[in-house]
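Tertiary structure, described
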Amino acid sequence: MKRQNLRTVSLILCIFSYLLVGAAVFDALESEAESGRRRLLEQKRGELRRKYRFSPDDYHELERLVLQAEAHRAGGQWKFAGSFYFAITVITTIGYGHAAPGTDAGKVFCMFYAILGIPLTLVMFQSLGERMNTVVRLLLKKIKKCLGMKKTNVSMENMVLVGFLSCMGTLCVGAAAFSYFEGWTFFHAYYYCFITLTTIGFGDFVALQKNEALQKKPPYVAFSFMYILVGLTVIGAFLNLVVLRFLTMNSEDERRDAEERASLRRVRNNIHLKAKEDSKSRDAIFLPIEDRTSQMNLIPLMQEDADRPRRHSSNSTARVPSFCTCLGYRPRLCGSPAPSHPETLSCHTNPVYYNSISYRIDEVSLSTRDPTGFSSPGSTLSSNSPSCREHHRLRRKSI
Amino acid sequence: AARRSHAPGQLRSSRRRTRALRPGPPAGRRTMKRQNVRTLALIICTFTYLLVGAAVFDALESEQETSERRRLEEKQLELKSKYNLSSAGYQELEWVVLKLKPHKAGVQWKFAGSFYFAITVITTIGYGHAAPSTDGGKVFCMFYALLGIPLTLVMFQSLGERINTFVKYLLHRIKKCLGMRRAEVSMANMVTIGFFSCISTLCIGAAAFSHYEHWSFFHAYYYCFITLTTIGFGDYVALQKDEALQTKPQYVAFSFVYILTGLTVIGAFLNLVVLRFMTMNAEDEKRDAEHRALLTHNGQASSVHTTDTTSSTTAVGGCGGGG
């Protein structure tokens, strides 16, 4: 099966198993507590109803009132500060729900606001996160130099470690601050920071809801907003470092497959052209040269490709096989038969052709010396370079 | 023959010269690096966006909020006097009602409910209709999210990319069948299809949930939107009426499948449109590094190659010559 399909199917299976396991564990952890709590609360409710002699209708009326008033308990949520808070929870997708648009117009605007805001925010956090990672890498390199370490390269492990510690540090700083300002325990404040910065945002714990903080404590409000945005940046930087490469894996595999297919097609075309021309006169031999001329433009590029740290390996693989057909060399990936005699002879007979070819062999060998980008073509090429040399010894003799 | 063998060499060195002269990233400190400009612009954009949003939400919701609040306070006073409740008594009642609210919606932590909860965690929707009350539940929730969220992100992007590839292939075939001259699938085609898929996913969900949950079509659409963008306010939550989690397994299954499929469709659209922008800075960095490497390498290599050029015109270069 294609790599991308296999990867996707395994991921789907993984997720489903993960959900099943999670559900079972949450069930085990929370179910009993839930039923226990429910029983107690219903008991209390019964007591209160008896105490105040509520009829069922009375109670329902009261209940409805309380539930409606719930959103207002924490004070005004939609003045500028509260709306800013709400806007943050929308575009970061945290979505506590402590305040949600009550008017239909608010709901409509919220949806349009999210459509543009969420991608903008995603790109912004990744952008800023990447810049932060670059700065950290630079700093770490300088520190390593200052400490006089032998190898001043910053490895991926270094970066991951620093990233992880930054995340933990951010969570702890937030936990300390919010446990102080909101009167939560450290653990609950940590849980709040975690649920916020992963953008889950249950809303069971929400900052700025006590003592009308939104209206009365602007420094604390500013701190909360900054904390959420900075914290999301730190998490975003870590995700950029660790997770983002996996999000593009399938596309990169697709691109590589497409390039391989294109190179195969090119080789096949060259072989057909060669086969057609072999039966004709000597003049026909020049045709491959013309072909080669069109290939020639690619050769300086091949030089660059070798220089480049293994990037356009697939581009080089596309060109090298088509070049090598002239030598009568059939790269393994073509799956074509071994070089036939007439072709090697035709390679030899024309001195002009021969000179140009030797020149190009020069350049190819230079570029193929660096095997980094090549998987199968590279290995087959290197194994054939002795045969290349043989060819040229023969040619030398003919000259 | 001599001319012939010089030509490629000349071509090569001239190409190298032009490459060295080609403007790479600005060398001096005159202009800011592209990545930094981009990042700064995005930060400013986002802050402006937040300010504008806050102003508009304020304008839309503030008045309604204050009038609603006044109305409820009046009602509260009425009921307090009617039932002769003290403030403390009312608060006690209020507390009981609010604590019973999630239980009102049914059992939340049996397997079906926990599965629903697990979905809201790893997809980061996080309605909050049910949240772990035990400390053990909170701890497990955090570890569960730590592994689950990246896994889910990668899965949705993976599946989304597969879907996009498949759609591209289908469209290509359709174009061929229809006998169109240019059978390539453009980005605009893909974006249009993606957009319409998203809209229809939302509409299908809206229709279904408005029927099962007795919401208006608009409110159901709003619910689907808030869910599939993973905002998940929790003001509207499916499977909370009539003990659906325990008594209506097909509806429960439909809801789960809808959420996961819907997120895949949205994920495919994001994969098509947004993902490339998230890797822009990194790709610019990579390109800058390659430019720098190329400039230094070309500087070193030019001497080596000139000797090669001369040798191959006179003698036989051969494979081993250049190494």
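Remember, predicted model here, so these are calculated numbers, not experimental data. (Residues numbered from 1 in each chain as written. Chains lettered and ligands numbered in written order. Predicted model: local features only at pLDDT ≥ 70, side-chain atom pairs only at ≥ 80, totals over all residues. Heavy atoms only, no water.)

Here we look at the interface of chain B and chain A
Across the contact, 149 residues belong to chain B and 149 residues belong to chain A. Regarding the contact of chain B and chain A, the summed buried area is about 13800 Å², with carbon and sulfur atoms giving 71% of it. Taken together, the connections running from chain B to chain A amount to 7 salt bridges. Glu-70 of chain A is paired through a salt bridge with Lys-101 of chain B; the nearest N and O atoms lie 3.1 Å apart. Summed over the shared surface of chain B and chain A, the number is 36 residue pairs in polar contact (both at pLDDT 80 or more). (Contact = heavy atoms within 4.5 Å. Buried area = accessible area lost by both parts, 1.4 Å probe. Salt bridge = Lys/Arg side-chain N within 4 Å of Asp/Glu carboxyl O. Polar contact = N/O pair within 3.5 Å; in protein donor to acceptor, adjacent residues only side chain to side chain.)

Some words on the UniProt feature "transmembrane region" (unreviewed entry) in chain A
All names here are of chain A. In this structure's numbering, the residues bearing the UniProt feature "transmembrane region" (unreviewed entry) are residues 6-29, 80-99, 105-125, 159-181, 187-208 and 220-247. What you have in residues 187-208 is 50% helix and 0% strand, and the ends, taken at the C-alpha atoms, are 18 Å apart. End C-alpha atoms of residues 220-247 are separated by 37 Å, and the span's content is 96% helix alongside 0% strand. (UniProt positions renumbered as here; feature names shortened; annotations may be inferred. Helix = DSSP H or I, 4+ residues; strand = E, 2+ residues; numbered from the N terminus.)

So, the environment of Val-9 of chain A
Mapped onto the fold, Val-9 of chain A is located in helix H1 (residues 3-52). Counting along the chain gives 213 residues from Val-9 of chain A to Ala-222 of chain A, while the straight-line C-alpha distance between them is 45 Å.

Here we look at the confidence of the model for chain B
Residue and element names in this part refer to chain B. Summarising the model, chain B shows a mean pLDDT of 85, and 84% of its residues fall at 70 or more. When mean pLDDT is compared element by element in chain B, helix H7 (residues 217-228) scores highest at 97, while helix H12 (residues 318-321) scores lowest at 41. Across residues 16-22, confidence stays below pLDDT 50; counting only partners more than four residues off in sequence or on other chains, it has 8 contacts. For this predicted complex, the interface confidence comes out at an ipTM of 0.82, alongside a pTM of 0.75. (pLDDT = per-residue confidence, 0-100.)

Brief notes about the UniProt feature "domain: Potassium channel" (unreviewed entry) in chain A
Residues and elements named next belong to chain A. Taking the UniProt record as the reference, the feature "domain: Potassium channel" (unreviewed entry) is found at residues 76-132 and 169-243. Along residues 76-132, the helical share is 72% and the strand share 0%, with 37 Å between the first and last C-alpha atoms. Taken as a whole, residues 169-243 contains 73% helix and 0% strand, while its terminal C-alpha atoms sit 20 Å from one another.

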